[in-house]
Amino acid sequence: MPITVRIPTPLQKVTQNKAEVVLSGSNIREMIDGLERNFPGIKERICDEKGKIRRFINIYVNEEDIRFLKQDQTSLKDGDEVSIIPAIAGG
Amino acid sequence: MKLRDDQIERYSRQILLPAVGGKGQEKLLNAKVLIIGAGGLGSPCALYLASAGIGTLGIVDSDKVELNNLQRQIVHSVNTVGSPKVDSAKDRLNAINPDVKVIPYNIRLTSANILDIIKDYDMVVDGSDNFPTRYLVNDACVFFNKPLSHGGIFRFDGQAITILPHKSACYRCLFSEPPPPGLVPSCQEAGILGAVAGIIGTIQANEVLKYVLGIGEVLAGKLLVFNALDSFFRQVKVSRDPKCPVCGENPSITKLIDYEQFCHLRRKE
């Protein structure tokens, strides 16, 4: 099931400057594992040591925040667009 | 309040708008807006708000103008390099519109002074450049019930959200905690495309104008995300978090956290 993941600028160092990655996965956890297989090192940027998504990073499926869905068990379907959005502080 | 002839002339292109009119212009002239940071975001925001005739503009910044600021901090100029940013901004804003009462605060915000500064304002614009200040501003606005336009930029990315305390999500509902120091580089270290600051700072000015005029819909409960490389704008929903540490059902943060202590605490972890 192809899904499109939008990678924010701070993480693009790990994705070889790709802003968009297409991969498959039936839920967010699988998607993160899929990202890690393609781009080793990205998981620890997104998740803490316990595997929980860091508190200054949110993940959205289409327009919905997964914290208000089923967190990393939120299921994904064909054509979903996932955005990883970190807090940014520059001004 | 009666508009003078020169005011009717100056603001004619916005008074013409059906949603603005003379009444809307009076609202703008009576409004008091505090801009935190006279930098990349604060510059375009202040220029548009002063031009639109926001009656009182407070500006907080403790820095002096440097040559490397001028690539994006468009309220300043070569002539003011070395001067406090707030004085440089005041001169430029009043050169455009002498109607605006610009109040400079040449200080760094802390938990001890922020409430005293924001209390007189109708709305706050956060254009600061670091997480500790952003969390301090968010918490103070929630405690004092001040609407807040938040904007952030990083390299080619920008974000904006408007916070109506206790009505829409606050910044901690969105990101409950800042990243540990050192994990996310600042603009100083990471670079920023000047126009990105212009786009997000201008969106913040637009949020203030809509809020003061009571027209349209502000970005409350919605985070606007912009990427400059593909000119991509998207909005994601931001719900109030019942577990939010400042505006949730059982807040764990009930007083302001001083940002230096904040960083210190974070470092100790």
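That block above? That's the structure.
Residues numbered from 1 in each chain as written. Chains lettered and ligands numbered in written order. Predicted model: local features only at pLDDT ≥ 70, side-chain atom pairs only at ≥ 80, totals over all residues.

So, the overall build of chain B
Logical step 1: Secondary structure assignment for chain B yields 11 helices and 8 strands.
Logical step 2: Taken against the 2.2 N^0.38 rule, which gives 18 Å for 269 residues, the C-alpha radius of gyration of chain B at 18 Å falls within 12% of a compact globule.
Logical step 3: Principal-axis analysis of the C-alpha atoms gives chain B an extent of 60 × 40 × 40 Å.
Logical step 4: Taken across its 269 residues, chain B has 46% of its residues classed as buried.
Logical step 5: Intrachain contacts of chain B at a sequence separation of at least 6 include 69% that bridge at least 24 residues. (Helix = DSSP H or I, 4+ residues; strand = E, 2+ residues; numbered from the N terminus. Rg over C-alpha atoms; globule rule 2.2 N^0.38 Å. Buried ≥ 20, exposed ≤ 12 C-beta atoms within 10 Å, placed from the backbone. Contact = placed C-beta atoms within 7 Å.)

Considering the overall build of chain A
Logical step 1: Looking only at helices and strands, chain A features 2 helices and 5 strands.
Logical step 2: The secondary structure elements of chain A, listed N-terminal to C-terminal, are β-β-α-α-β-β-β.
Logical step 3: In terms of overall size, chain A behaves like a compact globule, its C-alpha atoms giving a radius of gyration of 12 Å where 91 residues would be expected to give roughly 12 Å.
Logical step 4: In terms of principal-axis extent, the alpha carbons of chain A reach across some 35 × 25 × 25 Å.
Logical step 5: Relative to its full complement of 91 residues, chain A shows a buried share of 35%.
Logical step 6: Put simply, of all contacts in chain A between residues at least 6 apart along the chain, 48% involve residues at least 24 apart.

Digging into the nonpolar core
Residue and element names in this part refer to chain B.
Logical step 1: Judged by nonpolar contacts, the single largest core of 92 residues is most densely connected at Val33, Ala46, Leu49, Leu57 and Val124.
Logical step 2: By residue number, the principal contributor to this core is helix H10 (residues 194-213), which donates 11 residues.
Logical step 3: If we skip the residues at most four places from it in the chain, Leu49 touches Val33, Ile54, Leu57, Ala205 and Val208. (Core = buried A, V, L, I, M, F, W, Y, C linked by C-beta atoms within 7 Å.)

Some points on the sheet that holds strand S5 (residues 81-86) of chain A
All names here are of chain A.
Logical step 1: If you walk across this open sheet you meet the 5 strands as S2-S1-S5-S3-S4, and the pairing is mixed. In this open sheet, the two strands that pair with only one neighbour each are strand S2 (20-24) and strand S4 (64-65).
Logical step 2: As paired elements, strand S3 (residues 57-61) and S5 share 5 bridges and run antiparallel to each other. Its bridge partner lying in S5, Ile57 is registered against Pro86.
Logical step 3: Packed onto the sheet, helix H1 (residues 28-38) meets strand S1 (2-6), S2, S3 and S5 and runs at close to 115° relative to S2. (Pairing = 2+ DSSP bridges. Axes fitted to C-alpha atoms, helices over the stretch in contact; angles between N-to-C directions.)

Quick look at the interface of chain B and chain A
Many analyses report the size of an interface as the accessible area lost when the parts associate.
Logical step 1: Counting from both sides, the interface comprises 38 residues of chain B and, opposite them, 19 residues of chain A.
Logical step 2: Where the side of chain B that touches chain A is concerned, the elements lending two or more residues are helix H7 (131-144), strand S5 (148-154), strand S6 (157-163), strand S7 (222-227) and strand S8 (232-237) of chain B.
Logical step 3: Of the residues belonging to the side of chain B that touches chain A, the class tally is 16 nonpolar, 14 polar and 8 charged. (Nonpolar A, V, L, I, M, F, W, Y, C, P; charged D, E, K, R; others polar.)

Quick look at the environment of B:Ile257
Residues and elements named next belong to chain B.
Logical step 1: Here Ile257 lies in the loop between S8 and helix H11 (259-268).
Logical step 2: Classification of Ile257 as partly exposed rests on a count of 15 C-beta atoms within 10 Å.
Logical step 3: In this structure the C-alpha to C-alpha distance between Ile257 and Leu93, which are 164 residues apart in sequence, comes to 33 Å.

Here we look at helix H4 (residues 42-52) of chain B
All names here are of chain B.
Logical step 1: For H4, the tally of buried residues reaches 9 of 11 residues, placing the bulk of the element in the interior.
Logical step 2: Residues of H4 that are buried include every one of Gly42, Ser43, Pro44, Cys45, Ala46, Leu47, Leu49, Ala50 and Ala52, and no others.
Logical step 3: At the C-terminal side of H4, Gly53 shows a positive phi close to 90°.

Side note on the pairing of S3(A)
All names here are of chain A.
Logical step 1: A large share of S3 lies buried, amounting to 4 of its 5 residues.
Logical step 2: As defined by bridge partners, S3 adjoins S4 across 2 bridges and the pair is classed as antiparallel. Note on S4: the bridge partner recorded for Val61 is Glu64.
Logical step 3: Counted between consecutive antiparallel strands, the loop separating S3 from S4 contains 2 residues, among which Asn62 sits at a positive phi close to 55°.

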